[in-house]
Amino acid sequence: MKHAAKLGKKLGKAEKELIAAATKAIKQRYRDDWQEVGAALRTRSGKIFTGVNLDAYLGRMAVCAEAVALGRAFVDHEHEVIEELQFRPGQRVLDVGVGTGISLDAYPPYVHIVGVDPKFSVISGYRSPQTNARLRERSTGVAQHSLHIEGRAIDVRMPGVDCAGLAACAEDLKRGGVGYYRASDFVHLDTGRFRTWRG
Ligand SMILES: [Zn+2]
């Protein structure tokens, strides 16, 4: 799977730049129930375009952040990114909002896109082997060969969302690892084989 391979890579400078741009976009425009997700995409020219979602106040026209970012690239004359999206006429891509159903596989390979939902608090993402070793000395429950070191794991919580419920949702997907840490109030998610545990 293309994405699993992508997720398995460490974040490079280019990806970090994209995440920073998406984060900046949503931080500037964040409003509960209105704009909650930021996206950033890099086109062939190397230029970065950002967008935020336009939510349900638009009725059935709720638009996802990635679609807004694509629209901005298009208006700025980078229309090839739209023309080269690998969709066939009549193919259904819209489920909830315009853009929600867009699969990353449809993007031309030179387009890089990230989405940022600031409501997810990231407790821990990629860890260098040094950081992981330091954490292992300080606390129990940190694996020596942690998937965090491979950039394949993330520890998150969502303000206002019960972590046990979040873990249950993730477990229902039956994909990857799901660890629920009740005392520390976060959920570990990774792209390894399906397994669950309590921390
Ligand atoms: Zn973790």
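Caption draft 1: Examining the environment of Ala 21 more closely. Note on placement: Ala 21 falls in helix α2 (residues 13-29). C-alpha of Ala 21 to C-alpha of Leu 41: the two residues are 20 residues apart in sequence and 9.0 Å apart in space.

Caption draft 2: Main features of the confidence of the model for the protein. Looking at the protein as a whole, its pLDDT mean stands at 79, while 82% of the residues score no less than 70. Long-range and interchain partners of residues 93-102, a stretch whose pLDDT sits below 50, account for 21 contacts in this model, where long-range means more than four residues apart.

Caption draft 3: Region of the structure containing the sheet that holds strand β1 (residues 38-42). Strand order in the open sheet formed by three strands is β2-β1-β3, and the pairing between neighbours is antiparallel. Strand pairing shows two members of the sheet lacking a second neighbour, β2 (48-52) and β3 (112-116), which therefore form its edges. The average undirected angle you get between the axes of adjacent strands in this sheet is 15°. The pairing of β1 with β3 spans five bridges and is classified as antiparallel. Bridge assignment links Arg 42 to a residue of β3, and that residue is His 112. Packed onto the sheet, helix α3 (residues 65-75) meets β1, β2 and β3 and runs at close to 135° relative to β2.

Definitions and cut-offs
- For every chain, the first residue of the written sequence is number 1, and numbering continues from 1 onward in sequence order.
- Where local features are concerned, this predicted model is filtered to residues with pLDDT of at least 70; where side-chain atom pairs are given and counted, the filter is 80 or more; whole-chain, interface and lining totals use all residues.
- Only runs of H or I of at least four residues qualify as helices and only runs of E of at least two qualify as strands under DSSP, and these elements are numbered from the N terminus.
- For every residue, the predictor states its confidence as a pLDDT score lying anywhere from 0 to 100.
- Contacts here follow a simple rule: the backbone-placed C-beta atoms of the two residues must lie within 7 Å.
- We treat two strands as partners when DSSP finds at least two bridges between them.
- Lines are fitted to the C-alpha atoms to define the axes, a helix being fitted only along its stretch in contact, and any angle between axes, read from their N-to-C directions, falls within 0 to 180 degrees.

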